[in-house]
Amino acid sequence: MQQSAAAWLVEIALTVRVFGPDAVRCCRRVLAMGVRIGIADMAGAVRQAAAERDDREVER
């Protein structure tokens, strides 16, 4: 069964209209989760570096 270009475009537009908001919401959640993980890793690295610096000062 062949479809015309207009029917194909209507199908694509409908798909984007139906699933687009959910896809955008999902992408935003994944990006936000990645930012939280990145901030936690950076904060952990800063704390670890500060602890190592404190240990070196105590040894002196």
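Residues numbered from 1 in each chain as written. Predicted model: local features only at pLDDT ≥ 70, side-chain atom pairs only at ≥ 80, totals over all residues. Heavy atoms only, no water.

Caption draft 1: Fine view of the overall build of the protein chain. A count of helices and strands for the protein chain gives 1 helix and 0 strands. In the protein chain, which comprises 60 residues, the share counted as buried stands at 0%. Accessible area for the protein chain stands at about 5,800 Å²; split by element, carbon and sulfur atoms hold 64% of it. (Helix = DSSP H or I, 4+ residues; strand = E, 2+ residues; numbered from the N terminus. Buried < 20%, exposed > 50% of the residue type's maximum accessible area, 1.4 Å probe, protein only. Areas by Shrake-Rupley, 256 points an atom, 1.4 Å probe, with all protein chains shown as cover.)

Caption draft 2: Region of the structure containing the state of the cysteines. Going through the model one piece at a time under the given rule, you end up with 0 disulfides. As a non-bridged cysteine, Cys 27 has Cys 26 as the owner of its nearest cysteine sulfur, 6.3 Å distant. (Disulfide = S-S within 2.5 Å.)

Caption draft 3: A look at a nonpolar patch on the surface. Side chains of Trp 8, Leu 9, Ile 12 and Val 16 sit close together on the surface and give an oily, nonpolar patch of about 420 Å² of accessible area. The topology assignment puts Ile 12 in helix 1 (residues 5–59). (Patch = residues over 30% accessible without salt bridge, like charges linked within 9 Å, V, L, I, M, F, W, Y side chains within 5 Å. Salt bridge = Lys/Arg side-chain N within 4 Å of Asp/Glu carboxyl O.)

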